[in-house]
Amino acid sequence: LERGKVLFDQVCAACHGTGGDGQGSIVQSGAYSGVPNYKDREITVGSVHYVLNYGRNAMGSYAGQLNPGDRWRVFHKICRQVEKF
């Protein structure tokens, strides 16, 4: 779980914010908008798996940046943020 937090903070938090609220530094700077708050989404094992592997909307795939084990570690971090699983 600790590795998932470290990876999330390195790879995801710039857009999604450290708390998953969609208010990361890139969004705060005004360079990008429309990043969802995780708590406003229906998050399932399948949805997170799909987005990390294939991307969705403006977010691209992270399959090239994170190995499969690390994608699962990030998934567990996200699920803990929204108090699921």
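As shown above, the structure is provided for reference.
Throughout what follows, the structure given in this document is the object of discussion. (Residues numbered from 1 in each chain as written. Predicted model: local features only at pLDDT ≥ 70, side-chain atom pairs only at ≥ 80, totals over all residues. Heavy atoms only, no water.)

## Observations concerning the overall build of the protein
When helices and strands are counted, the protein shows 4 helices and 0 strands. Element order for the protein, N to C, with α for helix and β for strand: α-α-α-α. Computed over C-alpha atoms, the radius of gyration of the protein comes to 12 Å, within 12% of the 12 Å expected from 2.2 N^0.38 for 85 residues, which places it in the range of a compact globule. Along the first, second and third principal axes, the C-alpha atoms of the protein reach 30 × 25 × 25 Å. For the protein, with 85 residues in total, the buried portion stands at 34%. Put simply, 43% of the contacts in the protein that link residues at least 6 apart link residues at least 24 apart. Entry remark: accessible area of the protein is about 5,200 Å², with carbon and sulfur atoms responsible for 50%. Distance between charge centres in the protein, computed from 10 positive and 7 negative side chains, equals 5 Å. (Helix = DSSP H or I, 4+ residues; strand = E, 2+ residues; numbered from the N terminus. Rg over C-alpha atoms; globule rule 2.2 N^0.38 Å. Buried < 20%, exposed > 50% of the residue type's maximum accessible area, 1.4 Å probe, protein only. Contact = heavy atoms within 4.5 Å. Areas by Shrake-Rupley, 256 points an atom, 1.4 Å probe, with all protein chains shown as cover. Lys, Arg positive; Asp, Glu negative; His and termini not counted. Charge placed at Lys NZ, Arg CZ, Asp CG, Glu CD.)

## Some remarks on helix α1 (residues 2-16)
Between its first and last C-alpha atoms α1 spans 18 Å; for 15 residues at 1.5 Å apiece the expected length is 21 Å, and the helix comes up short by more than 12%. Helix geometry: α1 is bent most strongly at Gln10, by close to 50 degrees. For α1, the secondary structure elements touched by its buried residues are α2 (25-28) and α4 (68-81). Phi turns positive one or two residues past the end of α1, at Gly17, with a value near 80 degrees. (Expected span 1.5 Å × (residues − 1). Bend = angle between axes of the 7 residues up to and from the residue.)

## Some thoughts on the nonpolar core
Phe8, Tyr38, Ile43, Val48, Val74 and Ile78 are the most contacted members of the largest nonpolar core, which totals 14 residues. For this core, the secondary-structure elements that each account for two or more residues are α1, α3 (45-54) and α4. (Core = buried A, V, L, I, M, F, W, Y, C linked by side-chain atoms within 4.5 Å.)

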